[in-house]
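# Descriptive analysis of the structure
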Amino acid sequence: LGGIQHEDLQAWINELSTTDMYRTKGSGGFSASRTIQIHQVVSGVLKYAVRTGRVPKNVAEGLVLPTKKKSTRQRYLTHKQLQEFAAEMGGFEGLTLLLGYCGPRISEGFAVRGRDFRGQVWEVYEAVTTVAKLGRVEKGTKTHRGRHIPVPNVVWDKLDIPADPDAVLFPGRR
């Protein structure tokens, strides 16, 4: 670590974002986001090395990083478009409307159970992800905070709330 120079690290960061020499698939350099993530890992290692006395300073500080592209203007579906789209989703119509009107993360939508509703208010406290060899793994929400989301009638009428309060509304593949 002591042999890493600021200039060499800057050159490497530049290569990451402009050439495909470090990619395992695809072509071109890494995106700005990926390059920044790589820099954060390197900087974190060097920060720890400074704290433990292995190097005198963090040479990753002050590097010029690529800038992320500004996001394009978001476009939203109209009520009619969302309802028509949801109707085409078959058994996932309720999920599509829940996601479209209530705006949760998809992992929260797949974790919803009958017990999560108080009247027409969805109390969001859990999310679910799929892990290889483990299947569904439940966890807290991304922000680790619950939210209460009102569910409009157009969504409520399409939800099939199971009799078992612990049953998942949208179980996916078995």
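Positions within a chain are numbered from 1, following the residues in the order the chain's sequence is written. Reporting in this predicted model follows two pLDDT cut-offs: at least 70 for local features of residues, and 80 or more for side-chain atom pairs to be given and counted; totals over whole chains, interfaces and linings ignore these cut-offs and use all residues. Hydrogens and waters are ignored; side-chain quantities use all the structure's heavy atoms.

### Considerations on the layout of surface pockets
Basically, it comes down to this: Each cavity reported here is a set of points on a 1 Å grid over the protein atoms alone in which a 1.4 Å probe fits but cannot get out, each pocket an open set with protein on both sides within 12 Å along at least five of seven lines, and each lining residue one with an atom within 4 Å of a point. Grid points are joined across faces, edges and corners, and a volume is the space filled by probe spheres set on the points. Numbering goes from the N terminus for both helices and strands, where a helix is a DSSP run of H or I of at least four residues and a strand is a run of E of at least two. Residue classes follow a fixed rule: Ala, Val, Leu, Ile, Met, Phe, Trp, Tyr, Cys and Pro count as nonpolar, while Asp, Glu, Lys and Arg count as charged, and any other residue, Gly among them, counts as polar.
When its volume is computed, the second largest pocket comes out at roughly 180 Å³. Secondary structure elements with two or more residues in the lining of the second largest pocket: helix 3 (79–87) and helix 4 (93–102). Here the residues of the lining of the second largest pocket sort into four nonpolar, three polar and no charged.

### Digging into a nonpolar patch on the surface
What counts here: Put simply, a patch holds well-exposed residues, over 30% relative accessible area, that have no salt bridge, with like charges counted together within 9 Å and Val, Leu, Ile, Met, Phe, Trp or Tyr side chains within 5 Å. For the accessible areas, the method is Shrake-Rupley and the probe is 1.4 Å, while residue cover comes only from the protein chains on display. Definition used for salt bridges: Asp or Glu carboxyl oxygen within 4 Å of a side-chain nitrogen of Lys or Arg.
Together, Leu 1, Ile 4, Val 41 and Val 45 make up a nonpolar patch on the protein surface, roughly 340 Å² of accessible area in all. Following the sequence through the fold, Val 45 ends up in helix 2 (residues 32–51).

### Describing helix 1 (residues 6–18)
Let me state the cut-off plainly: Expected helix span is given by 1.5 Å per residue-to-residue step, counting one fewer step than there are residues. Remark: exposure states derive from per-residue accessible area (1.4 Å probe, protein chains only) relative to the maximum for the residue type, with buried under 20%, exposed over 50%, and partly exposed in between. Here the arc refers to the directions that run from the helix axis out to each C-beta atom. In this description, contact between two residues means that some pair of their heavy atoms is separated by no more than 4.5 Å.
For helix 1, with 13 residues, the first-to-last C-alpha span of 18 Å sits near the 18 Å given by 1.5 Å per residue. Taken as a whole, helix 1 has its buried residues at Leu 9, Gln 10, Ile 13 and Leu 16. All buried residues of helix 1 lie within an arc of 120 degrees about the axis, which places them on one face of the element. Helix 1 presents Glu 7 and Thr 18 as exposed residues on the side facing more than 90 degrees away from its buried surface. Where helix 1 is buried, its residues contact helix 2.

### Brief notes about the confidence of the model for the chain
Rules: For every residue, the predictor reports its confidence as pLDDT, a number between 0 and 100.
In the predicted model, the chain carries a mean pLDDT of 91, and 98% of its residues have values of at least 70. Averaged over each element, pLDDT in the chain is lowest for strand 4 (residues 135–140) (88) and highest for helix 3 (96).

### A short note on the sheet that holds strand 5 (residues 147–150)
By definition, the strands of a sheet pair up through backbone hydrogen bonds, in either a parallel or an antiparallel sense. Condition: Being paired, for any two strands, means DSSP has found at least two bridges between them.
Spatial strand order, 1-2-5: three strands in an open sheet with antiparallel pairing. Edge positions in the sheet fall to strand 1 (117–118) and strand 5, since each of these pairs with one other strand and no more. In the sheet, strand 2 (residues 121–124) pairs with strand 5 via four bridges, with the strands oriented antiparallel. Residue Val 121 lies in a different strand from strand 5, and its bridge partner there is Pro 150.

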